Amino acid sequence: MTASMTLAPGGAAAEPLYRILLIEDDQGDALLVEELLYDTGLRFELTTRTTLAEARTELAGSTIDCVLLDLHLPDVSGIEAVAAVRGLAPHTAVIVLTGLSEAQAGSDAMAAGAQDYLVKGKVEADLLRRTVRYAVYRSQTERASAEAQAARLRAEENARLERGLLPQPMLDTSTVRVTSRYLPSAELALLGGDFLDVVEGDDGLLHAVVGDVSGHGPDAAALGVCLRIAWRSLILGGHRGDDLLHLMERILIAERGSQQLFATCTLLTLDQDAGTATLHLAGHHEPLLTTADGTRELAAAHGIALGIAPGLRSWPATTVRLPAAGALTLYTDGLTEGHNGATGERLGVEGLLALIGKLATSDPAAHVDLLIRETHALNAGQHTDDVAVLRLDWGGRIPRG
């Protein structure tokens, strides 16, 4: 039977439009249901199908608010019919139509997932109106509740991942102030693989890492957490530089399995007594150095990303002199890959440096927050990648924060 579309003429303007699918193989019963719907005063669009097979297309390809379901169809019957419809459209209201002699069928159908049931021959317009409205309301409430629960679970998962990706710095005697921020690419989205950490070693040096695992989602995030924990453990175990990166690469290869994930990272060792910073760049960009004269990119030798060419071990070290007071900012490319306002061009490092030059704030935490907010605004509020920022400030005994 071809679909028919009808609209009740007496519906009030504020009445919602109900898209109703009637699955009924008896043409006489189908006609009675249609006439009753006219008498309800509801605004509705009615589509009629005679089998579940015919109804599959409607349930899969269009928005249906309510299904009126006969329990005795040519291709399925009983609670199996309810289960099949619920499987095809889990968030659509289902009202079962039963016969006079089927006293238990309605209760069984509701236990199988139907919102309500009506007995053929005992249905009046007012009862049908209330039943449809209540069933649709219940299904919408259930859907909203399920979505809220899913959002809560995802937020909890994000929080667990974020605790692994954004740990508390391990600082004992250092006077360096550490500011770290992590911004997921989208609200409630699974975190990507950006990670950062800061540890003061037994040698009195300050060690920091910022890294980015390729890809997004739970696999990249889990690998990011793994690499961050591995880095901290290896640092505390006395591993440094080329040896440390080699061990991190071995862990990455073992943990990524069949997925061709790789990771970029910057390792930093800050020696305040010597006034130097030693850098190892594994496929990552240079950090930024901020002094009284402004902010610039710190030139350093580049090495290969972890997992790209296992065993190559190409991670040259760069040691630079540092001023008596200043700051180093390590970050992932989510901070620079967005658009630079209305120009349509990428912000890039040059755009980032120009933006930093315009931000007048002496507080490191406020500066990082403002920097992320401004890059977000330039990109029209859209982040396509996670952003991790780690800023280290020194010069006098600055309280950690």
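Quick caveat: nothing in here was measured; it's all calculated off a predicted structure.

S.K.: Please provide a residue-by-residue account of the nonpolar core, values included.
M.R.: Judged by nonpolar contacts, the single largest core of 25 residues is most densely connected at Val-198, Leu-268, Leu-322, Leu-328, Leu-390 and Leu-392. For this core, the secondary-structure elements that each account for two or more residues are strand 6 (177–183), strand 7 (193–200), strand 8 (206–213), strand 9 (263–271), strand 10 (276–282), strand 15 (326–331) and strand 16 (387–394). Per element, the largest residue contribution to this core is four residues, and it comes from strand 16. With near-sequence residues (within four places) excluded, Val-198 lies in contact with Pro-169, Met-170, Leu-171, Val-178, Leu-206, His-207, Ala-208, Trp-231, Arg-232, Leu-390 and Leu-392. Of all hydrophobic cores here, the second largest spans 22 residues; its members include Ala-220, Ile-235, Leu-261 and Ala-282.

S.K.: Just give me the short version of empty space enclosed by the protein, but keep the residues and values in it.
M.R.: Enumeration over the complete set of coordinates arrives at three cavities of 30 Å³ or more. Lining the largest cavity are Leu-288, Thr-290, Thr-295, Thr-329, Ile-356, His-367, Val-368, Leu-371 and Arg-391. Looking at the lining of the largest cavity, the elements with two or more residues in it are strand 11 (288–291) and helix 9 (364–378). It is helix 9 that contributes the most residues to the lining of the largest cavity, three residues altogether. In terms of residue class, the lining of the largest cavity is built from four nonpolar, four polar and one charged.

S.K.: So, the environment of Glu-24: which residues are in play, and what are the values?
M.R.: Examined against the element boundaries, Glu-24 turns out to sit in the loop between strand 1 (17–23) and helix 1 (27–40). Remark: the alpha-carbon pair of Glu-24 and Leu-97, spanning 73 residues in sequence, is separated by 9.0 Å. Within the structure, the side chain of Glu-24 is placed 3.0 Å from the backbone nitrogen of Asp-26, a separation counted as a polar contact. For Glu-24, the side chain forms a polar contact with the side chain of Lys-120, separated by 2.9 Å.

S.K.: Outline the packing of aromatic side chains, supporting the account with residue identities and numerical values.
M.R.: Counted under the stated rule, the structure contains one aromatic pair. Relative to Phe-44, the ring of Tyr-38 has its centre 5.5 Å away and its plane inclined at 75°; by these criteria the two rings are edge-to-face.

S.K.: Explain the sheet that holds strand 15 to me, using residue names and the numbers behind them.
M.R.: Taken together, the five strands give an open sheet; going across it, the order is 6-16-15-11-12, and neighbouring strands pair in antiparallel fashion. If you trace the sheet from one side to the other, it starts and ends with strand 6 and strand 12 (294–297), each paired once. Averaged over all adjacent pairs, the angle separating strand axes in this sheet is 15°, with direction ignored. Sheet analysis places strand 15 next to strand 16, joined by six bridges and oriented antiparallel.

S.K.: I'd like a rundown of the pattern of salt bridges, residues and numbers included.
M.R.: Under the criterion given, the structure shown has 13 salt bridges. One salt bridge in this structure joins Arg-228 and Asp-197, with 3.2 Å as the shortest N-O distance. Of this pair, Arg-228 sits in helix 6 (residues 218–236) while Asp-197 is found in strand 7, placing the two residues 31 residues apart along the sequence. The two residues Arg-228 and Asp-197 agree in class, both being buried. Residues joined by salt bridges that share partners form a network here, namely Glu-24, Asp-29, Asp-70 and Lys-120.

About the cut-offs
- Residues numbered from 1 in each chain as written.
- Predicted model: local features only at pLDDT ≥ 70, side-chain atom pairs only at ≥ 80, totals over all residues.
- Heavy atoms only, no water.
- Core = buried A, V, L, I, M, F, W, Y, C linked by side-chain atoms within 4.5 Å.
- Buried < 20%, exposed > 50% of the residue type's maximum accessible area, 1.4 Å probe, protein only.
- Helix = DSSP H or I, 4+ residues; strand = E, 2+ residues; numbered from the N terminus.
- Contact = heavy atoms within 4.5 Å.
- 1 Å grid on protein atoms, 1.4 Å probe; cavity = no way out; pocket = protein on both sides within 12 Å on 5 of 7 lines; lining within 4 Å.
- Points joined across faces, edges and corners; volume = space filled by probe spheres on them.
- Nonpolar A, V, L, I, M, F, W, Y, C, P; charged D, E, K, R; others polar.
- Polar contact = N/O pair within 3.5 Å; in protein donor to acceptor, adjacent residues only side chain to side chain.
- Phe/Tyr/Trp six-rings, centres within 6.5 Å; stacked < 30°, edge-to-face > 60°.
- Pairing = 2+ DSSP bridges.
- Axes fitted to C-alpha atoms, helices over the stretch in contact; angles between N-to-C directions.
- Salt bridge = Lys/Arg side-chain N within 4 Å of Asp/Glu carboxyl O.

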